[in-house]
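# What the coordinates show
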Amino acid sequence: MSEDFLKSIRIAAGGMRAQAGRMRVSAENIANANSTAATAGGDPYRRKIPTFRTTFDRELQATTVQLGPVRQDQSEFRTRYDPNHPAADPRGYVKVPNVNSLVESMDLREAQRSYEANLNVVTSTRRMIQRTIELLRS
């Protein structure tokens, strides 16, 4: 039975690692949402998209999730008219990142909730282990 407890903790811990990585990517996107290119007409920060992959863990005999490769969002950059900006093109437009702060905030919140759900699994399993030990001592 204790193997099942440890198995659930390890699976949940893997989910926590994956969601922590997702939160890091969203935080980076939010931090760079208002950045611009270093040179006139250059490209600004490009939004990053976290991916996940599932793998079968032979030791656990279970499918686990991991953070996969972080990809770049290839959608178009937004532009704003600011002819005095050092990164402005000859027409006076500055490229700004393809980051939507509202979407990133929602993704961040969803990742936090998933992280918390996995943490609750770890906490509940730990309590069950403690309760089992107490019962065996009685």
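Residues numbered from 1 in each chain as written. Predicted model: local features only at pLDDT ≥ 70, side-chain atom pairs only at ≥ 80, totals over all residues. Heavy atoms only, no water.

## Notes on the overall build of the chain
In terms of regular secondary structure, the chain is built from 2 helices and 6 strands. For the chain, the sequential pattern of α-helices and β-strands runs α-β-β-β-β-β-β-α. Against the compact-globule benchmark of 14 Å for 138 residues, the chain has a radius of gyration of 22 Å, which places it well outside the compact range. Viewed in the frame of its principal axes, the chain has a C-alpha envelope of about 80 × 25 × 20 Å. Counting all 138 residues of the chain, 30% fall into the buried class. Total accessible area on the chain stands at roughly 9,200 Å², and carbon and sulfur atoms take up 51% of it. For the chain, the distance from the average position of its 21 positive side-chain charges to the average position of its 15 negative side-chain charges is 3 Å. (Helix = DSSP H or I, 4+ residues; strand = E, 2+ residues; numbered from the N terminus. Rg over C-alpha atoms; globule rule 2.2 N^0.38 Å. Buried < 20%, exposed > 50% of the residue type's maximum accessible area, 1.4 Å probe, protein only. Areas by Shrake-Rupley, 256 points an atom, 1.4 Å probe, with all protein chains shown as cover. Lys, Arg positive; Asp, Glu negative; His and termini not counted. Charge placed at Lys NZ, Arg CZ, Asp CG, Glu CD.)

## Considering the pattern of salt bridges
Oppositely charged side chains may form a pair once their charged atoms are brought near each other. Scanning all chains against the criterion turns up 9 salt bridges. Across the pair Lys95 and Asp43 runs a salt bridge whose closest N-O atoms are separated by 2.8 Å. One end of the pair, Lys95, is in strand E6 (residues 93-96); the other, Asp43, is in the loop between helix H1 (2-31) and strand E1 (48-49), and 52 residues separate them in sequence. Given a relative accessible area of 31%, Lys95 falls into the partly exposed group. (Salt bridge = Lys/Arg side-chain N within 4 Å of Asp/Glu carboxyl O.)

## Brief notes about the packing of H1 against helix H2 (residues 101-137)
Axes are the key here: two packed helices are described by the angle between their axes and the distance separating the axes. Relative to each other, H1 and H2 sit at 160°, their axes nearing to 8 Å. With respect to each other, H1 and H2 are oriented roughly antiparallel. Considering how the two elements wind past one another, H1 and H2 form a crossing that is left-handed. Taken together, the residues of the contact of H1 with H2 sort by class into 16 nonpolar, 11 polar and 4 charged. (Axes fitted to C-alpha atoms, helices over the stretch in contact; angles between N-to-C directions. Parallel < 35°, antiparallel > 145°, perpendicular 65-115°, else oblique. Left-handed = near helix turned anticlockwise from the far one by under 90°. Nonpolar A, V, L, I, M, F, W, Y, C, P; charged D, E, K, R; others polar.)

## Quick word on the side chain of Arg47
Of note, Arg47 is situated in the loop between H1 and E1. Owing to a relative accessible area of 14%, Arg47 belongs among the buried residues under this scheme. Those residues in contact with Arg47 that lie beyond four places of it in its chain are Asn29, Arg71, Gln72, Asp73, Asn98, Val99, Val103, Glu104 and Asp107. (Contact = heavy atoms within 4.5 Å.)

## Digging into the environment of Pro83
Among the structural elements, Pro83 can be located in the loop between strand E5 (78-81) and E6. A relative accessible area of 43% places Pro83 in the partly exposed class. When the C-alpha atoms of Pro83 and Tyr93 are compared, they prove to be 6.3 Å apart, with 10 residues separating the residues in sequence. Aside from chain neighbours lying at most four places away, what touches Pro83 is Ala88 and Gly92.

## Some remarks on the environment of Glu116
Tracing the backbone shows Glu116 in helix H2. Under the relative-accessibility criterion, Glu116 is labelled partly exposed at 39%. For Glu116 and Tyr93, which are 23 residues apart along the polypeptide, the C-alpha to C-alpha distance reads 42 Å.

Nothing here speaks to function; it is all geometry.
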